[in-house]
Amino acid sequence: MNRYLSRILIAIALLLVMVNCQDINLRPKDNLSDSQFWKGPSDFMKAANQLYSTAETFLLVDRENEPRDMDSDIGYNQAANTISNGTWSAPTSDAEWSNRFADFRNCNKIIEKSESYAGDPAEIERYVAEARFFRAYNHWRLMKKFNDIPIITSVLSTESEELYGKRQPQTAVEDFILSELEEAASKLPKQSELQSSELGRITQGAALALKARVALFAGTWAKYHQHRSDYAQLLDQAIDAAKRVIDSHEYQLYEGAGNESYRQLFIDKGDDSPEGIFDSRYAKNIRMHSNAHSVYWGWRGTPTKKLADMYLCKGTGLPIEATGSGFQGYAKIADEFKDRDPRMSQTFLMPGTKYLNANGPDSCVAKFTVRPETRTGYKLWKFMGETVAGVDDATYDYHIIRYAEVLLILAEATFEKDGAISDAVLDQTINVLRSRKGVEMPALNNTFVNAHGLDMLTEIRRERTIELAFEGFRRDDLRRWKKAETELVKPLLGIKYKGTQYEQLNVLNDGNPGHVDANGFLIVDPANVRFFTAPKHYYFPVPLDEIALNSNLLPNNPGW
Amino acid sequence: MLVFSSLGYNTHEEAIGSRTAIHVILRGEVRQMDEVVAVGYGTVKRANLGGAVSTIDARAFESRPVRNAANALQGQVPGLTVVRNGGAPGSSPVLRIRDVSSVNGGSPLVLIDGAEGDLGLLNPADIENMSVLKDGTAAIYGARAADGVILVTTKKGQKNKGLGVSFDSYYSLKTPALLKKAASLYEHAEMALEISDGSFPIEYTQEELQLILEGSDRVDPTSNWGRWTGYPKFYKNQDWNDLIIGNGNLQNYHLGLSGGGDRYTYLISLGHTREEGLPKFGIDNDKRYYARAKSTIDITKNLQYDFNLSYEANNRNYSSGISEGQNIWELTYKTRSWAPLRNPAGRFYTFEGFDNPAQVLEEGGESALTGGNLTFNNQLSYQVNKDLNLVGRAVVRKNDVDSSIVRKMLYSYNWDNVNHRTARSPNSSERRYAKTLYKNFTLYGDYKKSFGQHDIGVMVGAASESANYDMFSAKRINYDQQESMPLNLGSAQDQLATGQGNAWTIHSFFSRVNYAFANKYLIEGSLRADGSSRFDPDYRWGYFPGANVTWRVAEEAFIKKLHFFDDLKLRASYGEMGNQSGIGPYDYIELISLNEDYYPFGDGQRGQMATQSNLVSKSRTWETVIAKNIGMDFSILRDRLYGSIDYFWKNNNNMLIAIPYPSALGIQAPTTNSGKLAVHGWELNIGWRDQVGELSYSVRANLSDAKNKVTERIGNNLIHKGNNLTPTGYPLNSYFGYVFDGIIQNDQELADYRARFPNEGMIQTQVGVGDAKYLDLDGDGKLSELGDGTAGSGDMIYLGDTNPRYNFGLNLFAAYKGFDFTAFIQGIGRRTIILEGEASKPFFYPWFQSAEYWYGKTWTPERTDAPYPAITLTDKRNYNYDYSTNTTHSVAYARLKNLQIGYTFPKKLTQRMKLEKLRVYFSGEDLFEVHNTPGGWDPEDSGNYQNGGSYTSYPFARFYSLGLNLIF
C-alpha cells in the first residue's frame, strides 16, 4: 500500500501545481479599464471628442433620417409628413428622447471625473467647459421638442433615484441651460485663439450664440404661450449674448464665392468659413455623408409654394402680393424667379439652369420625375454638393450654428422686447444679411415699412424663414410664435400648373392626377387632411415606453 | 467456403478444404445493452447508464458527402437539432441539444478526445463514435455544460494486427437546392400596373406587357421610363438566379493506416477534401488537408502512454463579393429582371447604380483564408492496482487563421459602353491574423471495487483550462493599380492597423460516486466546482451537482419469468449545469472603449473618441440550468425491437436578461440574473432490425419535441410588435402582431372600419379600399402596439416563435448479398416563419422587384378574394403588411437527407486483386424535400429573416456523389 500511497501523493501534488499554474485573475488585453483612464488632458480630450459625434447634422438622425423642415409648411418630401399635417400618433419609443440621455451621461462623466482629477485643473478646464456646453446643448435639443424634461446633472446608476424622477418644468430647464452656457463661455477659447488643428472645437462664440438661440426661444415662448411672465428678461439675455458675439468680431458672413456665396456656404466651399460658429464636420475617408447625391436625387425634400412666395422682389424690396412689386407672375417657368431675392434662385433649382452635381455637369428640366425629383414642382438646390464623389463620400460640413442666425436673433429679440426696432439695429442685422455678396437686396428700414403698409415683425420673420430655409428652424419658429395653428392647417401647394408652361410641358409624374386649387396651383397636401389641434400639437408626447417604465414622467404633454 | 451465421452472432466463414468435421464457435454480436458508452471522464456500459445519452457510431459519417461532421448529425439523435447557416463551402451549422437553455445562446460543449475542439475542423473519417450527453449526466462538466456535451472519440489502432490500409474517396456534384425567386419581368410589370394610387411611376404599360411575354429583344436606348431617366428600356426577362448560380463539386480522399503489436498500436490518417462553390463567376472553393498520427504505447505493464497529434489545414479562396460588402446573393436577388448580363460591347452591364453581381464576382477582388489547427493531445494512464487507475492528460491546441481580403473598385459600364461610374471605392487590401492558444490539463483517478453484490466506483479529479486569443489586422486603401494588391504596394496614407485580444481561464474540481446493488439498482452522484476568470473574485466559483438512479427491471425475477423483455430499464436523472455564454471575458471591470471611427478636426486631425463601454454589475454570475430527466429503455423480440423514451425538464432559474430601464440611465444596463426560462419536452427512439435469409435490414425512427417558456422576469414586460426576446409567459423569440380581419372590399366596409378606429389618424385619412383590416382587441379605438392580447392591454396577440417543433428522423438500412441501401429522412412538424425586413412585402422599395411569392396574391378590384392587401408604395404598405396573423407562415418539411446505394464486390473477386474489401456506392445528400415554405425560402434556414440574414444568403446545395471504399 505504501508504494501506492507515495504515487497517489505525487499525483495530488502534480494536480495542485498544474491547477495553479494558469492565472485566473486576468486583465483586459485590448481595452483600458476605467481606473487606467482619466489620467491626463488627452484622456479628457478623447472623452470630449465623443460628444461631437452626436451633434445635429444634415438629417434628423434620431428620426429615421428625416430631412429637415419636412415637419413644417415650407417643405414636402416624397409623401405627406404626418407631423406636418397633424395625423401622427404617440410613438412607443423615440430616439430623440433616449439618445440625449446617453449624451448627458457622457457629459456628466467628464465633469464628475474632473472633480477627482489628480493633476492641474487648468489643463482640463477647457474640456470640462466643452462637456458643460454639450450638456446644455443636449438639454436644449430635448427641451425644444418635449418642453418639460428631466434635468440630469450626475452620472446615474441602476439604483439612482433620478432614474425615476419627474420632468422639470420648461422654466427651470431654460434657466439651467442659460446659466450653464454662460459659465461655460467664460472658460472656452475664442475662435481666433484656436490652433488650426483644433478647428471645430467649441468656442466662446459657440456658447454665446447658442445662449442667444435658447433665450430667444424661451422669451418668445413666454410671450406667446405665457408659461412664464418674465419674457423681457429672457429677450434681454438673447440680445446681450447676440451682441457679444457680434461685437467680438470673430465671425462674419461668408462671401468667398462671389455671387454664389449664399449657396456655396452650405457645400464644399463653405467649409472652415468665418460664418460657421459651430459645425458638424466631415472629412475625406474619416467621416463622410451621402447628402450630395441625396439632394440631387430629390430625397431631401422640396420647397412648397409657401416658401417660394416669401422671397421679396429685388428691385422694389416688396413682397410679391404688394402692388407695384414687380412680380412677373407664373405663366412661364422662369417668370416667378425673375427679379426676386437672389437667395430664391440659390435655394431653388430653376428648370433650365445648368448646374453641377456629384456626378458632374447637368441641366435641370421641369419634369417631376427627372432628377432632382419633386412632388411640388420646385426643386431644391441648397445643400446639393458639387464635388464629384461616390454616393457616401460627400465631405462638406453642416453648420449647426452660423453667424447669420445670430444677426437674426438680435433683430427679432429687439423687436419682440420693445415692440419696435431702430434702423441702427436693422443695419447691424437684417441689412447685413441683405448686403451679402450675391444677395444685395434693398435695405429694410422703418420708413420703408411704413410707406408700404408692411408689418415690421412679419418682415423680420420673413427674413429669418428665407435665410434659414431647410435648416430645421421653421416648425419650432411657428410653435414659439404660436402661429402653427393657423399656418399648418393651410394646404401645401406647389407650382402653378393650370395654364402655365408647366402644364404645356406635361411635367407631372405618372399617376399624379394633377389636382389644382381654385387658382390653378398644384395641391400637394390638401387642407382637409391637415389638422392642428391646439394646444396638443404644439407639443411632442413623451414616448409611451418611457412612461411605462417611469410613471413619474406623467402627466404627458397637453392633449396626449 | 462455408458460411455460418445466426442472428445475434458474428457471421463466420471458413474454408473447408478436405475436412469432414468442422468445429466452429460463433461469437456473440455486441448487443445494444453491452455497448460501451463514453461519459464524462470514463465509460460505462449502456446497461448501467442512468442518463439520457445517445451514441452515434462511425457509420453515420462514412460514405456521406458532407465535409463538416456536424452536418451529418442531423436527425441521428433525438433531441439534437442541427441548424444550417447558409451553404458556403466551409460553413458550420449550429448544434442544439434539447432546445435552448437561455436567451443568451450557448451551444453544446464539444470535446474531442477529452479537450475542447471544433467539429468543423475535424476530419469526419477520423470519428470512431460520439456520445451526446443530453441531461444531468453533463453536470460532470459543470460550468459550460448547460447546453449538453458532445464527446467525440477518434479511431485508434488495434493490438496485434498487421498493417491495415484503407482508402476512401468520393466525388460529388453539387446543384443548388431551393432558391429565393424574384418576380420575373412580366410578373413585376403586372404587379406594378396594380398600383393605382400613383405612388409608383409606371415602367411598362399594359400594351408593353405583350412584348415582355414574347421575350422581345427590343431595347429603347436612353429613355425616360418609370423612375429611370437616361437609361435604356428593356423588354426581356433575365433570370439572374440562372445567370449567377450554377453547380459545384466536392471531392474527398482519405487514406488510413493502422495496426499494432503486443505493446503498441498506431494509426495514421491522411485526408484531403476540396469543394467548389455554386457561383458561375469568380472563385469559391474550400480545401482541407488532414493529418493525424495516434499511437498507444505500453511503457510498462501498468503504464500506458497515448499520443495523438493532429493537424488540420484549411484554405478558402473566394471572390470578395460573396461575403464582403453588399454581398452577391442580395445583388442577384435585387438586380432588375430586365437588366441583361452584358452590354453589346461584351462588358458586364451595370444598370444605373446597382452593381452587376457577375462583375462583382469576377472583378471585385479575391479573398483568401488560410487556417491551421494543431492539436497535441497526450495522456498517461497508470493502473496503480486492479481497482485504481490514474489518468493524466495534457492537451495543447493552437489555431491560427490568416486572412487576406482584397476589395477592388469596379468600373461600371452602361449600355453605350461608357464607364459612367466607379463603384466600391476606395479599393482596399487587408490582412488579418488571429490566433488562439488553448490548453487543458486534466488529472483524475478512478477507483472500482466489488464486495459481493455491491459494486462501488469513485472518481475524483481536477482540471485547468485556458484559452488566449489575439488578433491584429492591417489595411491600406486607395491603390492606384488593381493588378496586384499586397499591403506593401499600397499607399501609407489613411492606412489602418488595429488589434484585439482576450483570454479566459477555468479551474475545476470534479468527483463522481457510483453504487450498484445486485447489478439491478444503481445510483450515481457527481459534483463539480468551477472557478472562472470572467467573474468578480467574490462570485467566481460555481458548484454543480448531479445524480441519477437506474432500475434494471429486466434483471428482476418477475420480468424474467415473462420471457418478453430482453432488456428493460427505468432511469431518472438530475443535474445542475452552468452557462456563461451571456458573459464577456471582462464584464466585471468597467472599461473605456475607443471608437473605431474618428471625428475630423482642422487640418485633417483625427480626433479619437472615448466613451464608457459598459455598466458593471459585480454580482452577475453563471446561469444555472437544472435538468431533470426520466426515461425508459427496452428491447424485445430477441433484441430486434428496441427503443427508448425520455421526458425532460430544464429550468434556467437565473437567466441573464436585459431589463429595460428608463432612458435616463444613458447607457445599456448589464444583463442581470433575473429571468427564468422553463423548457420541457420528450424524445422517442424506436428501432427494428432483423435478418431474413440473406437480407438484413433495420429501421430506426426518432421523434422529439421541446417547448420553452419565459416563466418570470423582473422588470417591465413591454411586449412589442415583431420579435420579442424574453416575453413573460411565452417562448423566447416570440412574435407578436395584430389580428388580421380581411381586406376592405368596398366603401361601406371602409366606413365601418373607420368607425372601428376613430382615434387612429392613419386609418381615418389614408387607408382605403384594398387595404388591410385589423381587430381592435382592447376596444379603445386606436391600433396600439403595447400589450399581449390580454384584456385592455393592446391590440396584439402571440403569433408564434421560430423554434422548430416535432423534429423527426427516419433511418432505413438494408443489405442483401453484396448490396447495401441506406436512406435517411429528416424533418420538422411545425415552425413559424415571419418574413421581415425587405422580404416582408411586395415593393418594399421601388428600385428592385418583389419576391415571386406575392405575384397574383395581392388585392385588385378584379381579384377581390386575394389574401394580401393591394400593392402600394406609400407608407401605407407598412401598415398593410405589418406583423399580423396574415403575414405568419406555419411551415413543416420532410427532407430526404441521405440516400446511399452501395455494392461490395464478392471476396473471391477482390482477393484476387489482393484487396480485402472493395465497395462502390452512390450517395446523395439533400436530394428531395416536401415542404410548404413560401417563395423559395429553405425551411431549414436559421430563421433570421431580416436584412442581411438568411433572406439573402448562400443557397444550400444538393449533392450527388459516387465513391469507393478500399481496404487492403
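Residues numbered from 1 in each chain as written. Chains lettered and ligands numbered in written order. Predicted model: local features only at pLDDT ≥ 70, side-chain atom pairs only at ≥ 80, totals over all residues. Heavy atoms only, no water.

## What about the overall build of chain A?
Assigned secondary structure in chain A consists of 20 helices and 11 strands. If you line up chain A on its principal axes, its C-alpha atoms span 120 × 55 × 50 Å. In chain A, buried positions account for 60% of the 560 residues. Across chain A, the fraction of contacts at a sequence separation of at least 24, relative to all contacts at a separation of at least 6, is 74%. In the structure as shown, chain A presents an accessible area of about 20700 Å², 51% of it carried by carbon and sulfur atoms. Taking the average place of the 67 positive charges on the side chains of chain A and the average place of its 77 negative ones, the gap between the two points comes to 3 Å. (Helix = DSSP H or I, 4+ residues; strand = E, 2+ residues; numbered from the N terminus. Buried < 20%, exposed > 50% of the residue type's maximum accessible area, 1.4 Å probe, protein only. Contact = heavy atoms within 4.5 Å. Areas by Shrake-Rupley, 256 points an atom, 1.4 Å probe, with all protein chains shown as cover. Lys, Arg positive; Asp, Glu negative; His and termini not counted. Charge placed at Lys NZ, Arg CZ, Asp CG, Glu CD.)

## Some details on the interface of chain A and chain B
In this complex, chain A contributes 75 residues to the contact, which on the side of chain B involves 85 residues. Looking at the side of chain A facing chain B, the largest losses of area belong to Gln22(A), Ile24(A) and Ile286(A), adding up to 11% of the total buried there. Our enumeration of links across chain A and chain B arrives at two salt bridges. Ionic pairing is found between Lys29(A) and Asp470(B), a salt bridge with its closest N-O pair at 2.9 Å. Our enumeration of links across chain A and chain B arrives at 23 residue pairs in polar contact (both at pLDDT 80 or more). Where the side of chain A that touches chain B is concerned, the elements lending two or more residues are helix H1 (2-20), strand E1 (32-33), helix H2 (41-52), helix H3 (95-115), strand E5 (276-280) and helix H20 (544-549) of chain A. Broken down by element, the residue count for the side of chain A that touches chain B peaks at nine residues, all from H1(A). (Buried area = accessible area lost by both parts, 1.4 Å probe. Salt bridge = Lys/Arg side-chain N within 4 Å of Asp/Glu carboxyl O. Polar contact = N/O pair within 3.5 Å; in protein donor to acceptor, adjacent residues only side chain to side chain.)

## Observations concerning the packing of helix H12 (residues 403-418) of chain A against helix H16 (residues 456-467) of chain A
Residues and elements named next belong to chain A. Two numbers describe how H12 lies on H16: the axes approach to 10 Å, and their chain directions differ by 160 degrees. One finds that H12 runs roughly antiparallel with respect to H16. Handedness of the crossing formed by H12 with H16: left-handed. Facing H12, whose interface residues are Ala404, Leu408, Ile409, Ala411, Glu412, Phe415 and Glu416, H16 presents Met456, Leu457, Ile460, Arg461, Glu463, Arg464 and Glu467. (Axes fitted to C-alpha atoms, helices over the stretch in contact; angles between N-to-C directions. Parallel < 35°, antiparallel > 145°, perpendicular 65-115°, else oblique. Left-handed = near helix turned anticlockwise from the far one by under 90°.)

## Comments concerning the sheet that holds strand E11 (residues 149-154) of chain B
Residue and element names in this part refer to chain B. Here we have five strands laid out as an open sheet, ordered E5-E10-E11-E8-E9, and mixed in their pairing. Either end of the sheet is taken by a strand with one partner, and the two such strands are strand E5 (53-57) and strand E9 (115-116). Here strand E8 (residues 109-112) runs beside E11; their pairing, made up of four bridges, is parallel. In the strand pairing of E11, Val110 is matched with Ile150. (Pairing = 2+ DSSP bridges.)

## Describing the packing of aromatic side chains
Under the defined criterion, the tally for this structure stands at 77 aromatic pairs over all chains. Considering the side-chain rings of Tyr41(B) and Phe510(B), the 3.9 Å spacing of their centres and the 10 degrees angle between planes classify their relative orientation as stacked. Here Tyr41(B), found in the loop between strand E3 (36-39) and strand E4 (42-45), pairs with Phe510(B), found in strand E25 (residues 496-517); they are 469 residues apart in sequence, far enough to count as distant. Residue classification places Tyr41(B) among the buried positions, given a relative accessible area of 8%. Members of the aromatic cluster, each reached through a chain of ring pairs, are Tyr52(A), Phe133(A), Phe134(A), Tyr137(A), Phe278(A), Tyr599(B) and Phe601(B). In this structure, Arg316(B) is placed above the aromatic ring of Tyr318(B), and the distance from its NZ or CZ to the ring centre is 4.7 Å. A cation over a ring is seen here: Arg347(B) above Tyr413(B), with NZ or CZ 4.1 Å from the ring centre. (Phe/Tyr/Trp six-rings, centres within 6.5 Å; stacked < 30°, edge-to-face > 60°. Lys NZ or Arg CZ within 6 Å of the ring centre and 35° of its normal.)

## Describing the pairing of strand E8 (residues 360-363) of chain A
Residue and element names in this part refer to chain A. Relative to E8, strand E7 (residues 354-357) runs antiparallel, the two sharing four bridges. Residue pairing in the sheet places Lys354 in a bridge with Ser363 of E8. Joining the antiparallel neighbours E7 and E8 is a turn of two residues.

## With respect to the pattern of salt bridges
Summed over the entire model, instances satisfying the criterion amount to 104 salt bridges over all chains. With its nearest N and O atoms 2.9 Å apart, the salt bridge here joins Arg100(A) to Asp103(A). With Arg100(A) and Asp103(A) both in helix H3, this residue pair falls three residues apart, about one helical turn. Each of the two residues, Arg100(A) as well as Asp103(A), counts as buried. Note that Asp705(B) and Arg805(B) form a salt bridge whose closest N and O atoms lie 2.7 Å from each other. With a gap of 100 residues between them, Asp705(B) in strand E34 (residues 695-713) and Arg805(B) in strand E40 (residues 805-816) connect regions that are remote in the sequence. The same class applies to Asp705(B) as to Arg805(B), namely buried. Through salt bridges that share partners, Glu275(A), Asp341(A), Arg343(A), Lys382(A), Arg402(A), Arg434(A), Arg436(A), Glu463(A), Glu467(A) and Glu471(A) make up one connected network.

## Focus: the packing of helix H4 (residues 121-146) of chain A against helix H5 (residues 170-187) of chain A
When two helices pack together, their arrangement is given by the angle between the helix axes and by the axis-to-axis distance. All names here are of chain A. Running from N to C, H4 and H5 cross one another at 155 degrees; their axes reach a closest spacing of 9 Å. Relative to H5, H4 is oriented roughly antiparallel. The chirality of how H4 crosses H5 is left-handed. Of H5, the residues touching H4 (which contributes Glu125, Arg126, Ala129, Arg132, Phe133, Arg135, Ala136, His139, Trp140 and Met143) are Gln170, Val173, Glu174, Phe176, Ile177, Glu180, Leu181, Glu183, Ala184 and Lys187. By residue class, the composition of the contact of H4 with H5 is 10 nonpolar, two polar and eight charged. (Nonpolar A, V, L, I, M, F, W, Y, C, P; charged D, E, K, R; others polar.)

## A word on the sheet that holds strand E30 (residues 606-612) of chain B
Taken in spatial order, the three strands of this open sheet run E1(A)-E29(B)-E30(B), and their pairing is antiparallel. The outermost strands of the open sheet, each flanked by one partner alone, are E1 of chain A together with E30 of chain B. Examined bridge by bridge, strand E29 (residues 591-600) of chain B and E30(B) share six bridges and lie antiparallel to one another. Bridging from a neighbouring strand, Tyr599(B) pairs with Gly607(B) of E30(B). The strands touched by H2(A) are E29 and E30 of chain B; relative to E30(B), the strand with the most contacts, the crossing angle is about 95 degrees.

## Topic: the confidence of the model for chain B
Keep in mind that low pLDDT regions are not for reading the predicted coordinates in detail. All names here are of chain B. Per-residue confidence for chain B gives a mean pLDDT of 86; residues scoring 70 or more make up 95%. Taken as a whole, residues 945-950 scores under 50 in pLDDT and shows 18 contacts with residues more than four places along the chain or in a different chain. Scoring the predicted complex yields pTM 0.79 and, for the interface, ipTM 0.89. (pLDDT = per-residue confidence, 0-100.)

## Focus on the environment of Ala102(A)
Residues and elements named next belong to chain A. Secondary-structure assignment places Ala102 in helix H3. We classify Ala102 as partly exposed; its relative accessible area is 24%. Through-space distance from the C-alpha of Ala102 to that of Asn138 is 9.9 Å; in sequence the pair is 36 residues apart.

## A closer look at unusual backbone geometry
With omega at 0 degrees, the peptide bond leading from Arg371(A) into Pro372(A) counts as cis. Tracing the sequence through the fold places Pro372(A) in the loop between E8 and strand E9 (398-402). The amide bond that connects Leu554(A) to the next residue, Pro555(A), takes the cis arrangement and shows omega of 0 degrees. The topology assignment puts Pro555(A) in the segment after H20. Non-glycine residue Asp113(B) carries a positive phi angle of around 55 degrees. Within the fold, Asp113(B) resides in the loop between E8 and E9. Residues other than glycine seldom take positive phi values, yet Asp603(B) does so here, at roughly 60 degrees.

## Details of the nonpolar core
Formed by 161 residues in total, the largest nonpolar core has its most connected members in Phe133(A), Phe134(A), Tyr137(A), Ile177(A), Ile277(A), Phe278(A) and Tyr403(A). Ile177(A) has contacts with Ala136(A), His139(A), Trp140(A), Met143(A) and Val214(A), leaving out every residue within four places of it along the chain. Counting 25 residues, the second-largest nonpolar core is a separate cluster that includes Val37(B), Ala38(B), Ala138(B) and Ala146(B). (Core = buried A, V, L, I, M, F, W, Y, C linked by side-chain atoms within 4.5 Å.)

## Here's the deal with a nonpolar patch on the surface
Residues and elements named next belong to chain B. Among the surface-exposed residues, Phe451, Ile456, Tyr515, Phe517, Tyr521, Ile523, Val549, Trp551, Phe558 and Leu570 lie close enough to one another that they form a single nonpolar patch of about 840 Å² accessible area. Only E25, strand E26 (521-532) and strand E27 (541-551) provide two or more residues apiece to the nonpolar patch. Assignment of secondary structure puts Ile523 in strand E26. Taking relative accessible area as the criterion, Ile523 reaches 43% and is therefore assigned partly exposed. (Patch = residues over 30% accessible without salt bridge, like charges linked within 9 Å, V, L, I, M, F, W, Y side chains within 5 Å.)

## So, the environment of Met456(A)
Residues and elements named next belong to chain A. Along the chain, Met456 falls in helix H16. Residue Met456 is classed as buried on the basis of its relative accessible area of 6%. With 33 residues separating them along the chain, Met456 and Val489 place their C-alpha atoms 24 Å apart. Residue contacts for Met456: discarding those within four places in its chain leaves Phe415, Ile421, Leu426, Leu444, Asn445, Asn446 and Val449.

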